[in-house]
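Below, each chain spelled out in residue letters.
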Amino acid sequence: SEVPIIMVTSRREEADRKEQESRELTELEATVTEVWTRADGLMVLTLDNGQIWKQVRPDSRFRLKAGEKVKIQPAALGSFLLSGPTKRSTRVSRVK
């Protein structure tokens with residue numbers, strides 16, 4: 001009989017994957033198509049390329065509206081920095 005293979009991702013493997021993603025993404029410019037705020041205060045946004053990103057920490061001073069252009073750039077330790085038209089920025093992670 002066959003033994004099922006179980007894939008387990010360690011924190012190190014997850015960190016390596018995120019670091020690889022950040023190396024692949026040098027800079028992304030896109031237009032926001034949808035913005036909503038979750039119950040925990042984190043902003044979630046959908047971009048015109050279909051990607052979905054969410055804030056890492058709530059920041060009531062950072063605001064975006066559908067139709068605005070954003071720039072996402074890699075930051076330290078595999079994180080990403082999203083800046084909007086006001087040049088204010090917030091840390092984000094990719095959901096999809």
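Caption draft 1: Region of the structure containing the pattern of salt bridges. One pass over the full model with this rule turns up three salt bridges. For the salt bridge of Arg-61 with Asp-59, the shortest nitrogen-to-oxygen distance reads 3.5 Å. Accessibility expressed as a relative area gives 58% for Arg-61, which makes it exposed.

Caption draft 2: Spotlight on the nonpolar core. If you look at the biggest cluster of nonpolar residues, it comprises 14 residues, and the most contacted ones within it are Leu-45, Leu-47, Trp-53, Leu-64, Ile-72 and Leu-82. Contributing elements (two or more residues each) for this core: β1 (28–37), β2 (43–47), β4 (69–74) and β5 (80–83). Discounting residues that sit within four places of it in the chain, Leu-45 has contacts with Val-32, Glu-34, Val-35, Gln-51, Ile-52, Trp-53, Leu-64 and Leu-82.

Caption draft 3: Representation of the side chain of Thr-31 in the model. In this fold, Thr-31 is placed in strand β1. Of note is the side chain of Thr-31, whose polar atom sits 3.0 Å from the side chain of Lys-69. When sequence neighbours within four positions are dropped, the list of residues in contact with Thr-31 reads Thr-46, Leu-47, Asp-48, Gly-67, Glu-68 and Lys-69.

Caption draft 4: Broad picture of the sheet that holds strand β6 (residues 89–94). An order of β1-β2-β3-β6-β5-β4 is seen for the six strands of this closed barrel, with the pairing classed as antiparallel. On average, each strand axis in the sheet is inclined to that of its neighbour by 45 degrees, with strand direction left out of account.

The rules behind these values
- Each residue is numbered by its place in its chain's sequence as written, counting from 1.
- Local features are withheld for residues below a pLDDT of 70 in this predicted model, meaning they are given only at 70 or higher, and side-chain atom pairs are given and counted only at 80 or more; totals for whole chains, interfaces and linings count all residues.
- Side-chain numbers here rest on the full set of heavy atoms in the structure, without hydrogens or water.
- Salt bridges are defined as contacts in which a side-chain nitrogen from Lys or Arg sits within 4 Å of a carboxyl oxygen from Asp or Glu.
- Working definition: with a 1.4 Å probe on protein chains only, accessible area under 20% of the residue-type maximum means buried, over 50% means exposed, and in between means partly exposed.
- Only buried Ala, Val, Leu, Ile, Met, Phe, Trp, Tyr and Cys residues count toward a nonpolar core, and they belong to the same one when joined by side-chain atoms within 4.5 Å.
- A run of H or I in DSSP becomes a helix once it reaches four residues, and a run of E becomes a strand once it reaches two; helices and strands are each numbered from the N terminus.
- In this description, contact between two residues means that some pair of their heavy atoms is separated by no more than 4.5 Å.
- Pairs of N or O atoms are called polar contacts if they sit within 3.5 Å, as long as, within protein, a hydrogen donor faces a hydrogen acceptor (for residues adjacent in sequence, only side-chain-to-side-chain pairs).
- Strand pairing is defined by DSSP finding a minimum of two bridges between the two strands.
- Note on geometry: axes are C-alpha line fits, over the in-contact stretch for helices, and angles between N-to-C directions span 0 to 180 degrees.

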